[in-house]
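Take a look at the letters that make up each chain.
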Amino acid sequence: MAAFSLSQPWLDGLAQSDLDLPAATVVADALPVVDRRVGLIGGMLRDELRSGTHGTMAGLELDSLLNLLGIHLIRQYGVARPQKDLGGLSDRQFRQVRDHMQAHLTLGVRLEDLASLVGLSSSQLLRSFRRRTGTSPHQYFTRLRLDEARALIVNGPLPLAEIALTCGFSSQSHLTAIMRREDGLTPGALRV
């Protein structure tokens, strides 16, 4: 395992120079448990750091890999930094919604129930949630389900069909279709 920390000023600079964005924030809550591309780039970074080569080419390669990682994170999980007056969910409200979603992965959740939980109308919750996470409650809930499925696939011996049902997908083929759309790989490929 390798841990990398990318500072906010560095991400902002990358967003400005390479993506023509004024600034970028990577939403940590949007990151999946397993992102194959981050794993590949992270492994290449780790290997380069372990090689002990400190020449100009090694420095350029490290910079290139870090930029590649940053651009991927911004494109996949980044949002424009919200302004203070937009009124997103508070930390407490967000935790309540996230915890409720997590507790109901198998059964599903209704927007009205989430809104009631935090004392907002459905439309207020939709706007506030999107400002907080950069995604809709439905998309976020699907990501939570996928995160749980990925963890079970990687860490356990359960059959894929059972994992799909446990995580709230209607079938193994439904899980496969969603995972292929979101991650570009199938549950079987992840298990290997």
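Residues numbered from 1 in each chain as written. Predicted model: local features only at pLDDT ≥ 70, side-chain atom pairs only at ≥ 80, totals over all residues. Heavy atoms only, no water.

## Quick notes on the overall build of the protein chain
Selection criterion: Secondary structure counts use DSSP, requiring at least four H or I residues in a row for a helix and at least two E residues in a row for a strand, with both numbered from the N terminus. Each residue's exposure class comes from its accessible area (1.4 Å probe, protein chains only) as a fraction of the maximum for that residue type: buried when under 20%, exposed when over 50%, partly exposed otherwise. Only heavy atoms enter the contact rule, under which two residues are in contact if any of them lie within 4.5 Å. Here, Shrake-Rupley sampling with a 1.4 Å probe gives the accessible areas, and only protein chains in the shown set may cover a residue.
Of regular secondary structure, the protein chain possesses ten helices and two strands. Each helix (α) and strand (β) of the protein chain, taken in turn from the N terminus, gives the series α-β-α-α-β-α-α-α-α-α-α-α. Within the protein chain, the proportion of its 192 residues that are buried is 34%. The long-range share in the protein chain, meaning contacts at least 24 apart out of those at least 6 apart in sequence, stands at 64%. Accessible surface, the protein chain as shown: approximately 11100 Å² in total, 54% of it carbon and sulfur.

## Points about helix 6 (residues 122-133)
Since there are 3.6 residues in each turn of an α-helix, residues three or four apart along the chain are aligned in direction. Keep this limit in mind: To estimate the expected span of a helix, subtract one from its residue number and multiply by 1.5 Å. Starting at the helix axis, one direction is taken to each C-beta atom, and the arc is that of these directions.
In this model, helix 6 (twelve residues) spans 16 Å end to end at C-alpha, consistent with the 16 Å of a helix rising 1.5 Å per residue. Listed as buried for helix 6 are Leu 125, Ser 128, Phe 129 and Thr 133. With its buried residues spanning 110° around the axis, helix 6 presents them on a single face. Looking one or two residues past helix 6, Gly 134 carries a phi angle of roughly 80°, positive in sign.

## Regarding the confidence of the model for the protein chain
Counted only if it meets this: A residue's pLDDT is the predictor's confidence in that residue, given on a scale from 0 to 100.
Chain-level pLDDT for the protein chain is 82 on average; 86% of the residues reach the 70-or-more range. Taken element by element, the predicted model of the protein chain shows its lowest mean pLDDT in strand 2 (residues 78-79) (71) and its highest in helix 8 (residues 160-166) (94). Across residues 82-86 the pLDDT falls below 50, and counting only partners more than four positions away or on other chains, this stretch makes two contacts in the model.

## A closer look at the environment of Val 34
You can see Val 34 is positioned in the loop between strand 1 (25-26) and helix 2 (36-51). The exposure class assigned to Val 34 is partly exposed, which follows from its relative accessible area of 25%. Through-space distance from the C-alpha of Val 34 to that of Leu 190 is 9.2 Å; in sequence the pair is 156 residues apart. Filtering out sequence-adjacent residues up to four positions away, Val 34 remains in contact with Arg 150, Val 154 and Leu 190.

## Comments concerning helix 1 (residues 8-19)
Relative to the 16 Å expected for twelve residues at 1.5 Å per residue, helix 1 spans 15 Å between its end C-alpha atoms, a close match to the ideal helical length. Residues of helix 1 that are buried include every one of Leu 11, Asp 12, Leu 14, Ala 15 and Leu 19, and no others. All buried residues of helix 1 lie within an arc of 160° about the axis, which places them on one face of the element. For helix 1, the exposed residues lying more than 90 degrees away from the buried face are Pro 9 and Ser 17.

## Some points on the pattern of salt bridges
Charged atoms that come close allow side chains of opposite charge to pair. To be explicit about the condition: Just to be clear on terms, a salt bridge is a Lys or Arg side-chain nitrogen sitting within 4 Å of an Asp or Glu carboxyl oxygen.
The tally for this structure, following the rule as stated, stands at eight salt bridges. With a closest N to O distance of 3.6 Å, Asp 113 and Arg 110 form a salt bridge. The partly exposed category is assigned to Asp 113, whose relative accessible area is 37%. For the salt bridge of Arg 150 with Asp 147, the shortest nitrogen-to-oxygen distance reads 2.6 Å. Here Asp 147 and Arg 150 lie together in helix 7 (residues 137-155), a separation of three residues that amounts to about one turn. Given a relative accessible area of 3%, Arg 150 falls into the buried group. Taking the relative accessible area as the measure of exposure, Asp 147 reaches 12% and is therefore buried.

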